[in-house]
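# A look at the structure
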Amino acid sequence: MPPTLKARELNRALLARQGLLERTERSIPEMLDAMGTLQAQYAPSMYVGLWSRLAGFERDSLTRALQEREVVQATLMRVTIHLCSRADYWPLTLPVRAARRTWWSRATKGPSDVEMEAAAETLRAALREGPLRKKAIDELLGKPVAHGIGLWVDMVRVPPSGTWERRRADLYGLAEEWVPRPPIDPEAALDHLVTRYLTGFGPAAKAEIANWAGMTAKDVEPALGRLELRRFAAEDGTELLDLPDLPLPDADTSAPVRFLGTWDACLLVHARRALILPEAHRPRIFNTKMPQSVGTFLVDGAVAGAWRPDGTIEPFADLSAKHRKQVEAEAARLAAFSA
């Protein structure tokens, strides 16, 4: 029988892999690889997310890494904007391509695949002349086609678009010219995708890996058959999979106060088993009336309240004097970082 991991053990494992138990000295690309990329729907959240994980992180270092193409901002898993290392971009892009197109075609009932392929050729030719703003792409292709063209043409967001200094991410470049595509075996790319999830979020169930990738459980099964994996059981009996030699801290490991940006991936449903976001608080963070979500702060490894860019802190329950002092101190450090 595989060993059983309790929820608090899974909580500490996820915090450790996400760099939320202690700030590290890793480079930005190394941190992004370790945490399984960083969601980037709102540009400042990328900076806050890395500030909470990297020792001595400065805003200019991420903007510079984007400009020097060490990291890439692009639409990846689940048709969502992510920040990833340059080396991760193509291995993460290729396995999810078919699933993303299928989702879009079903959800929109818009232009046919044939129409999208033709439009893709038009856009690729235009982008070879240089980056284009979203408005120019809309005018070139028409909005119905332009809305989904990123699923047929691999594009990156070109800085300074999508940075702290210019937050609107509306300048696009052709990915194959921004980050040249290396030879990639499809099976190796799928293995890499699954490995990247487990690196940042394991141990996890097969369905959770697929949910994060925006694929089906059947889609990821071939990689699970090829990879060397450890196997555990959750308290409800679900099989959990993991890579060898990754952190599994004790359940009683101390977890410091940490602030997260909006849409941090450790709060999403694919990671809910770790209870970083208590289910009672989920509607306060993600709901249709607040599509941009809010920043959150963690106390003892779980969301205990929200914060806003103006420095406002909203605890969801009374904090002990010790924890309030820690939250206020971390909030002050974040304010200094943001100033």
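Up top you'll find the structure we're talking about.
Structure report, in brief. (Residues numbered from 1 in each chain as written. Predicted model: local features only at pLDDT ≥ 70, side-chain atom pairs only at ≥ 80, totals over all residues. Heavy atoms only, no water.)

Glancing now at the overall build of the chain. Secondary structure assignment for the chain yields 14 helices and 13 strands. Against the compact-globule benchmark of 20 Å for 339 residues, the chain has a radius of gyration of 20 Å, which places it among compact chains. For the chain, with 339 residues in total, the buried portion stands at 53%. The long-range share in the chain, meaning contacts at least 24 apart out of those at least 6 apart in sequence, stands at 65%. Accessible surface for the chain amounts to roughly 15500 Å². Of this, 53% is attributable to carbon and sulfur atoms. Side-chain charges in the chain split into 45 positive and 44 negative, and the spacing between the mean points of these groups amounts to 5 Å. (Helix = DSSP H or I, 4+ residues; strand = E, 2+ residues; numbered from the N terminus. Rg over C-alpha atoms; globule rule 2.2 N^0.38 Å. Buried < 20%, exposed > 50% of the residue type's maximum accessible area, 1.4 Å probe, protein only. Contact = heavy atoms within 4.5 Å. Areas by Shrake-Rupley, 256 points an atom, 1.4 Å probe, with all protein chains shown as cover. Lys, Arg positive; Asp, Glu negative; His and termini not counted. Charge placed at Lys NZ, Arg CZ, Asp CG, Glu CD.)

Moving on: the layout of surface pockets. When its volume is computed, the largest pocket comes out at roughly 540 Å³. Around the largest pocket sit 25 residues that line it, and Thr-75, Ala-146, His-147, Arg-157 and Tyr-172 are the ones nearest its centre. Ranked by residues supplied to the lining of the largest pocket, first place goes to helix α5 (residues 86-108) with 5 residues. The residue makeup of the lining of the largest pocket, split by class, is 13 nonpolar, 6 polar and 6 charged. Taken together, 25 residues make up the lining of the second largest pocket; nearest its centre are Tyr-42, Trp-307, Arg-308, Pro-309 and Asp-310. Of all the secondary-structure elements, those providing two or more residues to the lining of the second largest pocket are α3 (43-51) and α14 (321-338). No other element matches α14, which puts 4 residues into the lining of the second largest pocket. (1 Å grid on protein atoms, 1.4 Å probe; cavity = no way out; pocket = protein on both sides within 12 Å on 5 of 7 lines; lining within 4 Å. Points joined across faces, edges and corners; volume = space filled by probe spheres on them. Nonpolar A, V, L, I, M, F, W, Y, C, P; charged D, E, K, R; others polar.)

What follows concerns the sheet that holds strand β3 (residues 71-75). Read across the open sheet, the 3 strands follow the order β2-β4-β3; overall the sheet is antiparallel. The open sheet has two free edges, formed respectively by β2 (38-39) and β3, since each of these has just one partner strand. Both β2 and strand β4 (residues 81-85) contribute to a ladder of 2 bridges, which runs antiparallel. Among the inter-strand pairings, Leu-38 is bridged to a residue of β4, identified as Leu-83. Docked against the sheet, α5 engages β3 and β4, running at close to 140° with respect to β4. (Pairing = 2+ DSSP bridges. Axes fitted to C-alpha atoms, helices over the stretch in contact; angles between N-to-C directions.)

Next up on the list: the packing of helix α6 (residues 113-127) against helix α7 (residues 134-141). Taken N-terminus to C-terminus, the directions of α6 and α7 make an angle of 135°; their axes are 11 Å apart at the nearest point. With respect to each other, α6 and α7 are oriented oblique. Viewed along their axes, α6 and α7 form a crossing whose handedness is right-handed. Contacts between α6 and α7 involve Ala-119, Thr-122, Leu-123 and Ala-126 from the former and Ile-137, Leu-140 and Leu-141 from the latter. The residue makeup of the contact of α6 with α7, split by class, is 6 nonpolar, 1 polar and no charged. (Parallel < 35°, antiparallel > 145°, perpendicular 65-115°, else oblique. Left-handed = near helix turned anticlockwise from the far one by under 90°.)

Orientation of α3 relative to helix α4 (residues 59-67), taken along the N-to-C sense of each, is 120°, at an axis distance of 10 Å. Classed by the angle they form, the pair α3 and α4 counts as oblique. As α3 runs across α4, the sense of the crossing is right-handed. Note on element contacts: α4 touches α3 through Arg-59, Leu-62, Thr-63 and Leu-66, opposite Met-46, Tyr-47 and Leu-50.

What follows deals with the nonpolar core. Counting residues in hydrophobic clusters, the biggest one holds 57 residues, and the most contacted among them are Tyr-89 and Leu-193. If you list the elements that add at least two residues to this core, you get α1 (7-17), β3, α5, α9 (175-178), α10 (186-201), α11 (206-213), α12 (217-226) and β12 (302-307). Once residues within four sequence positions are removed from consideration, Tyr-89 is found in contact with Val-72, Ala-74, Leu-76, Cys-84, Asp-154, Met-155, Val-156 and Ala-175. (Core = buried A, V, L, I, M, F, W, Y, C linked by side-chain atoms within 4.5 Å.)

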